[in-house]
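Working through the structure, step by step
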There are 6 protein chains.
Amino acid sequence: MAVTAVCPGSFDPVTYGHLDVIRRAAAQFDRLVVACLRNAGKRPLLDVDERLALLEAVVVDLPNVEVAAFDGLLVDFCAERGATVIVKGLRAASDFEYELQMAQMNARLGNVETLFLTTSPVYSFLSSSLVKEVARFGGDVADFVPPIVAERLSRHR
Amino acid sequence: MAVTAVCPGSFDPVTYGHLDVIRRAAAQFDRLVVACLRNAGKRPLLDVDERLALLEAVVVDLPNVEVAAFDGLLVDFCAERGATVIVKGLRAASDFEYELQMAQMNARLGNVETLFLTTSPVYSFLSSSLVKEVARFGGDVADFVPPIVAERLSRHR
Amino acid sequence: MAVTAVCPGSFDPVTYGHLDVIRRAAAQFDRLVVACLRNAGKRPLLDVDERLALLEAVVVDLPNVEVAAFDGLLVDFCAERGATVIVKGLRAASDFEYELQMAQMNARLGNVETLFLTTSPVYSFLSSSLVKEVARFGGDVADFVPPIVAERLSRHR
Amino acid sequence: MAVTAVCPGSFDPVTYGHLDVIRRAAAQFDRLVVACLRNAGKRPLLDVDERLALLEAVVVDLPNVEVAAFDGLLVDFCAERGATVIVKGLRAASDFEYELQMAQMNARLGNVETLFLTTSPVYSFLSSSLVKEVARFGGDVADFVPPIVAERLSRHR
Amino acid sequence: MAVTAVCPGSFDPVTYGHLDVIRRAAAQFDRLVVACLRNAGKRPLLDVDERLALLEAVVVDLPNVEVAAFDGLLVDFCAERGATVIVKGLRAASDFEYELQMAQMNARLGNVETLFLTTSPVYSFLSSSLVKEVARFGGDVADFVPPIVAERLSRHR
Amino acid sequence: MAVTAVCPGSFDPVTYGHLDVIRRAAAQFDRLVVACLRNAGKRPLLDVDERLALLEAVVVDLPNVEVAAFDGLLVDFCAERGATVIVKGLRAASDFEYELQMAQMNARLGNVETLFLTTSPVYSFLSSSLVKEVARFGGDVADFVPPIVAERLSRHR
């Protein structure tokens, strides 16, 4: 059984929390496509090309991981890529209820299964928006994002 | 990548909710071991041999699924069976917090990954204990468990 | 439309929180049956006759409220009493998930609708088991239960 | 006791989940007013006249249901219509906390009782915003909204 | 041990719920700085000077409480003020998950401890945004905010 | 202001999670009494003297921390010890709802304030009962409890 999984997100920017989920998912599936949402809702800090470039840089050592932009329905993207699984990280009970709703909708729309990993405790408090806020005020984000991302954020202050 | 997954539970008795998770998990992994907890805590209704027999009967059409009893640490059972994945169903946010705790403990103890499926909405309200209570008072459980299980429960009234 | 509603519980003992829900439910339905679970699981403090007597005493001023014991399936009790509605109080999100499960099961078993009231904030922290623990150690429960209940609890120290 | 209940929402657009709550509420109360929030916060997809027209169309077979627009305080609308009950559907624990807050505020402001129904499991994952997103990208929404609503959404792609 | 604590918020406007937390925190710490977020995200109703003036007015009887505006990282503000503790009120489980995330981030960024009080039940349903909505439509907010705040809100209708 | 705080629990056995909360609480208050519940409900693994001895051993380097057994109402114990604060760790949203209830009850019973710390992420999955289960089956608990506790548990297998 050769399974392709899709790991979707805004990745604005990618954090060590995302990377933990990506690494662990890459160990479970034959092929993992990290799907970066093109129009990340409410004005992203980084444009999609920057977000993709950072993702490419941080997964470079993971041979079965690809990075791609997407818009439209996630189930359509999965079909295009031959993926039968969506894989997501869960941090907290409140994440869960939204993700449950999305998983059940996607199962109805596209016959695609959603599998969840739990975020490692050490990254459970991390989110892209918290990291951006810390960076904006000059806080040190070295513990939260890879060096290439920290460097990129420092140019936005 | 040939992955063996373990789907643990008390299965006292197996319900359509469990069966939904088992079927969907069986579609995602090369081999699935349904692991039935031998000493299901607080006095199970059915002894482990009955629970195993019912499980065997209801997964008979799933060629890559095996059924086994276990006790001790789940990570030890996974190691014995060559499983690198634990797969569980999640119904509600309150399930999630307990399962998160278990998943993180098992990751620490045994280098085994836990993947979660969300229970199909139509079975989200089902639990073995509710089914047992309905059966005990002569309610109709035909919508909740396979016929062989319903028949078995009817003998316990 | 003359609606009979059932308000089930263990009432071991009835608290001001229960009474708040009973009063408000009595104002919404033509007839309200307070249904006291005969075998309140794990060894009740008060036997069912005492629990019923206290309930009778505290609802004496509510002309459309009756008190009755029940066991078996709640949907069967509703059918016997001609009730089409179950009414329950909700204190917290964790109550909700269990009650959601019960409501969906009862809708499947008996074509009975469950309606929820939210507990008044001032009673949101009350539970029978907390009250019993306070009373057991001689704490003052006058703010939590009607005088007749407080008096009865004082005999159990 | 002739009770008028109000079922408020944005209904942008009405889904089968809303319709399930409306039908079940209509069976419990003598008269049900579906109250459509005029200025649905953050730019609705459909203007209020369209939302009202769709609501009218889908409740046409429910003789004790009326549809009306409202703005201002919900308790004032209830007073105008002679309603003593607000009825809402609950899908998940996270819905509950917000609704608890609103119910307690409305009880303080207007002496109006809020009663909750739980959404049927089969619709528990539905929300107007998910439906709009699916429709926007050309997904099939026939399982989620009545045909007249699906047809209307198809014109917005 | 002379401890300075910081109680942060938008206070747009300050409610009796905030005041309850401030009073109780003031009783626990030697010095309490109420820190009013200068740019309260999405267009505050009151500008920061008004919010500060109202805060000053309502804490005038609490000798160990100061009021100050802040922006930037809260941990930097704590360092400036010599505060080692952040104190916050918790109303509901959903508050908790966000606050947990913030507390853990602040512990990493600034070696500052976050301590939580639970909001008194009687104020558990209050929020600045609900109060503003009630006031906007001419509802009576006398039970929710101090008279000086109610008077100020009445000018915004 | 010289504040005495009480940190209650069953401590059956004390874990690194408890110790993290105790250490951080000891840094915030002048004097901290770790209060070990004498009759830890449902048959503790270790009797109260063993639990106290282990607690004494692991807090030996914290000069402002004392260890004591208690039974009865926690507010009475606080009064005896001159404590005005109860301090507890919170791991998850589900902890929160129970603790909120206890905090509000204790505020009513004894005019004592409850302050919460959030458990460090790295210990968020730890509980005494999980540790006991791991130890019972011969799993390695060195990452979860201090060496003296691990040694003690190893004698219970």
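To be clear, the structure that these remarks concern was listed above.
What you are looking at is a predicted structure, and each value in this text was computed from that prediction instead of being measured.

1. Considering the overall build of chain A
- Along chain A, the regular secondary structure elements total 6 helices and 5 strands.
- Secondary structure elements of chain A occur, N-terminal to C-terminal, as β-α-β-α-β-α-β-α-β-α-α.
- In terms of overall size, chain A behaves like a compact globule, its C-alpha atoms giving a radius of gyration of 15 Å where 157 residues would be expected to give roughly 15 Å.
- Across the 157 residues that make up chain A, the buried fraction comes to 60%.
- In chain A, the share of contacts with a sequence separation of at least 24, taken over all contacts with a separation of at least 6, comes to 76%.
- Element-wise, carbon and sulfur atoms account for 50% of the exposed surface of chain A, whose accessible area totals about 6,400 Å².
- Here chain A contributes 16 positive and 20 negative side-chain charges, whose respective centroids are spaced 4 Å apart.

2. Side note on the relation of the copies chain E and chain F
- Superposing chain E onto chain F takes a rotation of 180° plus a shift of 0.0 Å along the axis, which leaves an RMSD of 0.0 Å. Within this description, the copies of the chain are treated as partners about a two-fold rotation axis.
- The fraction of interface residues of chain E whose copies in chain F are also interface residues reaches 100%, indicating that both copies meet through the same surface.

3. Observations regarding the state of the cysteines
- Tallied over the entire structure, the rule returns 0 disulfides over all chains.
- Cys 78 of chain C takes part in no disulfide bond, and the closest cysteine sulfur, belonging to Cys 7 of chain C, lies 11 Å away.

4. With respect to the interface of chain E and chain F
- Listed per partner, the contact involves 28 residues of chain E and 29 residues of chain F.
- Between the two partners, chain E and chain F, sit 2 salt bridges.
- Between Glu 113 of chain F and Arg 24 of chain E there is a salt bridge, with its nearest N and O atoms 2.8 Å apart.
- The tally of links from chain E across to chain F stands at 5 residue pairs in polar contact (both at pLDDT 80 or more).
- Contributing elements (two or more residues each) for the side of chain E that touches chain F: helix 1 (16-26), strand 4 (85-90), helix 4 (93-110) and strand 5 (113-118) of chain E.
- Within the side of chain E that touches chain F, the residues separate by chemical class into 16 nonpolar, 7 polar and 5 charged.

5. What to know about the packing of helix 2 (residues 48-58) of chain E against helix 6 (residues 147-154) of chain E
Residue and element names in this part refer to chain E.
- Orientation of helix 2 relative to helix 6, taken along the N-to-C sense of each, is 155°, at an axis distance of 9 Å. Relative to helix 6, helix 2 is oriented roughly antiparallel. Taking contact as the criterion, the partners of Glu 50, Leu 54, Ala 57 and Val 58 in helix 2 are, on helix 6, Ile 148, Val 149 and Arg 152.
- Across the contact of helix 2 with helix 6, the residue classes break down as 5 nonpolar, no polar and 2 charged.

6. Considerations on the packing of helix 4 (residues 93-110) of chain C against helix 4 (residues 93-110) of chain D
- Direction vectors running N to C along helix 4 of chain C and helix 4 of chain D enclose 125°, while the axes themselves pass 9 Å from each other. Overall, the two elements helix 4 of chain C and helix 4 of chain D adopt an arrangement that is oblique. Pair helix 4 of chain C / helix 4 of chain D crosses with right-handed handedness. Residues Ala 93, Phe 96 and Glu 97 of chain C of helix 4 of chain C lie in contact with helix 4 of chain D, whose contacting residues are Ala 93, Phe 96 and Glu 97 of chain D.
- The residue makeup of the contact of helix 4 of chain C with helix 4 of chain D, split by class, is 4 nonpolar, no polar and 2 charged.

7. Brief notes about the relation of the copies chain E and chain C
- Structural alignment of chain E on chain C gives an RMSD of 0.0 Å, achieved by rotating through 180° and translating 0.0 Å along the axis.
- The residues that chain E uses at the interface reappear at the interface of chain C in 100% of cases, marking a shared surface.

8. Some thoughts on the packing of aromatic side chains
Residue and element names in this part refer to chain D.
- In the structure shown here, the tally under the stated rule is 21 aromatic pairs over all chains.
- Aromatic pair Phe 70 and Phe 77: ring centres 5.4 Å apart, planes at 45°, arrangement tilted. Comparing Phe 70 with Phe 77, the two get one shared label, buried.

Reading the values: rules and limits
- Residues numbered from 1 in each chain as written.
- Chains lettered and ligands numbered in written order.
- Predicted model: local features only at pLDDT ≥ 70, side-chain atom pairs only at ≥ 80, totals over all residues.
- Heavy atoms only, no water.
- Helix = DSSP H or I, 4+ residues; strand = E, 2+ residues; numbered from the N terminus.
- Rg over C-alpha atoms; globule rule 2.2 N^0.38 Å.
- Buried < 20%, exposed > 50% of the residue type's maximum accessible area, 1.4 Å probe, protein only.
- Contact = heavy atoms within 4.5 Å.
- Areas by Shrake-Rupley, 256 points an atom, 1.4 Å probe, with all protein chains shown as cover.
- Lys, Arg positive; Asp, Glu negative; His and termini not counted.
- Charge placed at Lys NZ, Arg CZ, Asp CG, Glu CD.
- Least-squares fit on C-alpha atoms with pLDDT ≥ 70 in both.
- Disulfide = S-S within 2.5 Å.
- Salt bridge = Lys/Arg side-chain N within 4 Å of Asp/Glu carboxyl O.
- Polar contact = N/O pair within 3.5 Å; in protein donor to acceptor, adjacent residues only side chain to side chain.
- Nonpolar A, V, L, I, M, F, W, Y, C, P; charged D, E, K, R; others polar.
- Axes fitted to C-alpha atoms, helices over the stretch in contact; angles between N-to-C directions.
- Parallel < 35°, antiparallel > 145°, perpendicular 65-115°, else oblique.
- Left-handed = near helix turned anticlockwise from the far one by under 90°.
- Phe/Tyr/Trp six-rings, centres within 6.5 Å; stacked < 30°, edge-to-face > 60°.

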